[in-house]
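Residue strings, one per chain:
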Amino acid sequence: MSHKRSYIFDCSLYKAIECMLLKCGIYMVFGRSSDIVIVQHPISVCVPLNYTVNLSVRAEGTGILNYQWFKSDEEEVFGATRADLTVTAQKSQLYICRVNDQFCNCVFSEWVKVKVLDIAKPGLPVAWRGELHIAVHPAPQTVRQGQRLTLSCSAFGIPIPHYQWYRNGHPLLGKTTDTLQIQNAEADHRGTYLCSVSNVEEERWTEPADVDIEPSNQLKVTAPKPTATDKVALLIGNLNYSHHPDLMAPTMDVHELANLLQQLDFRVVSLLDLTREEMLAAIDKFILLLDRGVYALFYYAGHGYERSGRNYLVAIDAPQPYRPENCVCVQRVMRMMQEKRTALSVVLLDTCRTWYNQDCIASEIRPLVPMGNTVYGYATCEDSEAYEVQDGGKSTGIFTKYLNKHILQPEKVTHVLEQVSEDLGRDPLVTGKQAVEIKHTLKEPRSLTDPVRTTGHTGELRLRDACWRQANELPRQKLLVFPCGVEVEVRFSALFSNVMVAFGTVKTTGPRAQDCTVTLRSTPAMEDIFSSPGRSGEMDSLLLNNLVAENPDCSLRLCGLQKLQGSLVIQVDLHYTQTGRKLRLQESKQLDIGKPLVASCDLYRGQQALVAQRQEGAPVQSMGHVSHRKQPPRQTLGQPGRPFTRKAECAAKVPTARSNEPEENDESEPQDFTL
């Protein structure tokens with residue numbers, strides 16, 4: 001029996017006519033057409049080579065329905081006599097299904113296309129199930145005036161993707177295929193192009209492609225200026241240690257750097273005094289904000305050390321002596337940033353790099369294929385210490401002092417760090433003691449001042465925006481009316497993402513109250529990490545910059561918000577003298593402000609997961625019993641108003657032979673990737 005397309009049904013000659021008309025693209029239905037209704041047509045798809053595709057048709061009719069699938073070359077698909085057709089995609093092909101019954105009624109489904117893209121490295125997830133995936137993004141280019149401009153985009157998807165091209169944020173009429181061609185490029189065609197890829201399930205956007213049109217007599221090709229799809233920064237400063245000397249500088253360093261990065265359009269999360277588990281949880285949240293094309297910056301100020309070419313950040317609860325399992329490995333953080341295919345990954349460390357405990361087994365880091373555009377800025381070189389200075393009432397790490405001086409400059413990030421290095425090298429306070437070290441794989445002239453291209457917000461961008469806003473959302477101001485008629489306004493200001501200040505202001509006193517005073521307290525009580533005499537001056541200066549327009553009557557610092565596991569309640573106590581009776585009375589009101597700032601991210605859940613992992617015997621070494629008795633604070637040296645160096649003390653060094661210059665990721669054995 002021939003497998004060519006059959007034109008004769010067993011009881012009807014006119015069905016042959018219908019099949020012949022089908023060849024010509026003419027659709028007709030004979031017999032009682034209402035007896036067969038296709039309620040679900042097959043859908044077109046775009047898949048990689050050798051992908052298994054399922055096409056389905058659903059029909060309703062009287063009696064038993066028969067199915068036969070056909071291909072676009074007028075050939076029956078052998079054995080395809082069911083409502084579902086499974087094919088292995090070898091080439092692009094059209095398919096259609098005929099449905100008939102015993103009453104000689106016949107209908108055909110819509111034509112559908114199985115489009116096959118044979119792309120060498122499609123980048124599809126291992127468990128791809130048809131979600132939209134852009135495999136080829138349009139490339140930035142410079143085209144001579146009068147020449148052809150061609151931009152291409154290829155995407156997989158079930159259902160098949162639809163395309164719409166944009167220039168400078170405006171849709172291009174009729175440009176709805178995967179390839180955009182302009183035969184004779186003119187100056188008006190210069191701009192930023194991107195393509196919207198969508199189906200009924202979702203929508204995705206390509207990376208922007210900058211197109212420059214140069215005059216026909218111009219020979220030089222100018223590369224487009226790099227851009228970022230977003231900018232995200234995580235800043236951590238540890239200063240109040242349980243088992244190590246306290247530091248002074250991280251408070252002002254993190255605060256000032258955060259303000260400068262915000263001027264460069266970075267989404268900044270700044271945190272002070274984190275335990276190891278809190279640091280890991282914050283880093284996990286930071287990584288979730290990264291994606292292809294994003295500029296990522298990680299900054300740390302606090303105690304640290306180096307071992308076997310890796311840098312370790314010391315958490316505030318880390319016991320003595322230093323051990324990797326009680327600290328955070330910087331190279332692991334960079335590896336996580338690289339896995340997100342960021343356009344620029346910057347790590348800035350204002351910490352010591354003293355070699356310590358070199359004979360211990362190094363923590364394993366799986367090597368990563370070189371991605372490029374990674375930058376390490378170290379405050380000091382190998383086996384050396386970093387210093388902080390004090391000028392009057394202000395403490396700062398000397399590396400961060402010069403970093404903040406140059407970071408707003410519109411220059412390549414490595415050039416900025418070189419200027420920091422030169423300024424620090426000329427500082428007599430640290431001559432011969434501290435020298436900046438820069439390591440990078442920068443392959444493009446990327447700068448922290450590069451613009452953010454907001455055209456074509458993707459779902460990922462909207463998600464990042466929501467996550468960032470969650471970690472930086474302040475409670476709204478509230479006006480409380482007491483029974484005595486006094487009105488008190490409570491407002492809030494953020495010093496860091498985990499440090500907030502509540503202000504209380506008496507707005508009106510009313511006829512029954514005079515000599516009003518107001519105080520604030522919280523439930524649960526939040527420790528004020530800046531209450532010590534050595535820190536109060538710097539915090540007062542920060543408060544002055546964050547005060548509301550009117551001078552408040554009282555304020556309450558709320559620190560360590562990442563530890564909150566429930567709502568934070570502010571109790572407002574009003575003390576007043578009753579008019580006429582001279583009685584001193586008190587009234588109180590409570591204000592539930594939920595989980596403000598980073599508390600809403602529930603970082604403690606990450607801590608609980610790590611604790612559970614240890615209890616279940618997972619390969620995470622226990623920290624053992626940790627005492628929270630603090631060491632006596634270090635004495636401040638020097639004369640008021642005169643800078644001096646104060647070493648950020650590291651643990652005692654173990655005498656070892658100096659090795660060759662370490663690489664960031666120098667292990668070759670594949671290991672489980674756990675921080």
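Our subject is the structure that appears above.
Residues numbered from 1 in each chain as written. Predicted model: local features only at pLDDT ≥ 70, side-chain atom pairs only at ≥ 80, totals over all residues. Heavy atoms only, no water.

> Give a detailed account of the overall build of the protein, specifying residues and quantitative values.
Along the backbone of the protein there are 9 helices and 38 strands. Among the 675 residues that make up the protein, the fraction classed as buried is 51%. Within the protein, contacts between residues separated by at least 24 positions form 73% of all contacts whose residues are at least 6 apart in sequence. Looking at the protein as shown, the accessible area adds up to about 31,800 Å², and 50% of this sits on carbon and sulfur atoms. (Helix = DSSP H or I, 4+ residues; strand = E, 2+ residues; numbered from the N terminus. Buried < 20%, exposed > 50% of the residue type's maximum accessible area, 1.4 Å probe, protein only. Contact = heavy atoms within 4.5 Å. Areas by Shrake-Rupley, 256 points an atom, 1.4 Å probe, with all protein chains shown as cover.)

> Tell me what's going on with the environment of cysteine 381, and back it up with residues and numbers.
Within the secondary structure layout, cysteine 381 lies in the loop between β27 (374-378) and β28 (387-391). Overall, the relative accessible area of 26% leaves cysteine 381 in the partly exposed class. Contact partners of cysteine 381, with chain neighbours within four places excluded, come to Arg353, Ala435 and Glu437.

> Can you break down the packing of aromatic side chains residue by residue, with the values?
Tallied over the full model, the rule gives 6 aromatic pairs. A centroid spacing of 6.1 Å and a plane angle of 65 degrees characterise the contact between tryptophan 128 and phenylalanine 156, whose relative ring orientation is edge-to-face. Of this pair, tryptophan 128 sits in the loop between β9 (112-117) and β10 (133-136) while phenylalanine 156 sits in strand β13 (residues 154-156), placing them 28 residues apart in sequence. Considering the side-chain rings of tyrosine 305 and tyrosine 312, the 5.2 Å spacing of their centres and the 20 degrees angle between planes classify their relative orientation as stacked. Judged by relative accessible area, tyrosine 305 falls into the buried class, the value being 1%. On the basis of relative accessible area, tyrosine 312 is assigned to the buried category, the value being 1%. Ring-pair connections join several aromatic residues into one group, and the members of that group are Tyr51, Trp128 and Phe156. A cation over an aromatic ring shows up here: arginine 353 above the ring of tyrosine 378, its NZ or CZ 3.8 Å from the ring centre. (Phe/Tyr/Trp six-rings, centres within 6.5 Å; stacked < 30°, edge-to-face > 60°. Lys NZ or Arg CZ within 6 Å of the ring centre and 35° of its normal.)

> Report on unusual backbone geometry, specifying residues and quantitative values.
One can expect most non-glycine residues to show negative phi and most peptide bonds to be in trans. The omega torsion across glutamine 320 and proline 321 is -5 degrees, close enough to zero to call that bond cis. Omega for the peptide link from threonine 523 to proline 524 comes to 0 degrees, which places this bond in the cis form. Note that proline 524 resides in the loop between β34 (513-523) and α8 (533-546). Positive phi is not limited to glycine here, since aspartate 265 has a value of about 70 degrees. Following the sequence through the fold, aspartate 265 ends up in the loop between α2 (250-263) and β21 (267-272).

> Describe in detail the nonpolar core, supporting the description with residues and values.
Counting residues in hydrophobic clusters, the biggest one holds 94 residues, and the most contacted among them are Leu235, Leu261, Leu297 and Phe298. Element by element, the count of residues in this core is highest for strand β22 (residues 294-301), at 8 residues. Those residues in contact with leucine 235 that lie beyond four places of it in its chain are Val254, Leu257, Ala258, Leu261, Val268, Val269, Ser270, Leu271, Leu297 and Tyr299. In terms of nonpolar packing, the next biggest core, distinct from the first, is built from 30 residues, Ile36, Val47, Ala83 and Val99 among them. (Core = buried A, V, L, I, M, F, W, Y, C linked by side-chain atoms within 4.5 Å.)

> Explain helix α3 (residues 276-288) to me, using residue names and the numbers behind them.
Owing to its 3.6 residues per turn, the α-helix brings residues three or four apart onto one side. Helix length check: α3, at 13 residues, gives a terminal C-alpha distance of 19 Å against a target of 18 Å (1.5 Å per residue), a fit within 8%. All of the buried residues in α3 are Arg276, Glu277, Glu278, Met279, Leu280, Ala281, Ala282, Ile283, Phe286 and Ile287. (Expected span 1.5 Å × (residues − 1).)

> Which residues make up the side chain of aspartate 423, and what values go with them?
Along the chain, the position of aspartate 423 falls in helix α6 (residues 413-426). A distance of 2.6 Å separates a polar atom in the side chain of aspartate 423 from a polar atom in the side chain of histidine 406. (Polar contact = N/O pair within 3.5 Å; in protein donor to acceptor, adjacent residues only side chain to side chain.)

> Give me the sheet that holds β27: which residues, what numbers.
In space, the 6 strands of this open sheet follow the order β21-β20-β22-β26-β27-β30, with mixed pairing throughout. The strands lining the two open edges of the sheet, one partner per strand, are β21 and β30 (437-440). Between one strand axis and the next, the sheet turns by 10 degrees as a mean value, whatever way the strands run. By the bridge criterion, 7 bridges tie β22 to strand β26 (residues 344-350) in an arrangement that is parallel. The residue bridging tyrosine 299 from the neighbouring strand is leucine 348, located in β26. (Pairing = 2+ DSSP bridges. Axes fitted to C-alpha atoms, helices over the stretch in contact; angles between N-to-C directions.)

> Explain the sheet that holds strand β31 (residues 478-481) to me, using residue names and the numbers behind them.
An order of β31-β32-β33-β35 is seen for the 4 strands of this open sheet, with the pairing classed as antiparallel. Bordering the open sheet on either side are β31 and β35 (554-558), each of which pairs with just one other strand. Averaged over all adjacent pairs, the angle separating strand axes in this sheet is 25 degrees, with direction ignored.

> Account for helix α5 (residues 398-406), naming residues and giving values.
Counting buried positions along α5 gives 7 out of 9 residues, so the element sits mostly inside the fold. Of the residues making up α5, those classed as buried are Ile398, Phe399, Thr400, Tyr402, Leu403, Asn404 and His406.

> An account of the pattern of salt bridges is needed here, citing residue identities and associated values.
Tallying each qualifying case throughout the model produces 22 salt bridges. Here arginine 267 makes a salt bridge to aspartate 230, at a shortest N to O gap of 2.8 Å. Taken as a pair, arginine 267 in strand β21 and aspartate 230 in strand β20 (residues 230-237) lie far apart in primary sequence, 37 residues in all. In terms of burial, arginine 267 and aspartate 230 fall into one category: buried. Between lysine 507 and glutamate 489 there is a salt bridge, with the nearest N and O atoms lying 4.0 Å from each other. Here lysine 507 is found in strand β33 (residues 499-508), whereas its partner glutamate 489 is found in strand β32 (residues 487-496), with 18 residues between them in sequence. When its relative accessible area of 33% is taken as the criterion, lysine 507 is described as partly exposed. Each member of the salt-bridge network shares a partner with another, and the members are Glu306, Arg353 and Glu437. (Salt bridge = Lys/Arg side-chain N within 4 Å of Asp/Glu carboxyl O.)

> Please provide a residue-by-residue account of the packing of α3 against helix α4 (residues 330-339), values included.
Contact pair α3 / α4: the axes reach a minimum separation of 10 Å and the direction vectors enclose 20 degrees. With respect to α4, the axis of α3 lies roughly parallel. The two elements α3 and α4 cross, and the hand of that crossing is right-handed. In contact with Ile283, Asp284, Phe286 and Ile287 of α3, α4 contributes Val333, Met336 and Met337. Partitioning the contact of α3 with α4 into residue classes produces 6 nonpolar, no polar and 1 charged. (Parallel < 35°, antiparallel > 145°, perpendicular 65-115°, else oblique. Left-handed = near helix turned anticlockwise from the far one by under 90°. Nonpolar A, V, L, I, M, F, W, Y, C, P; charged D, E, K, R; others polar.)

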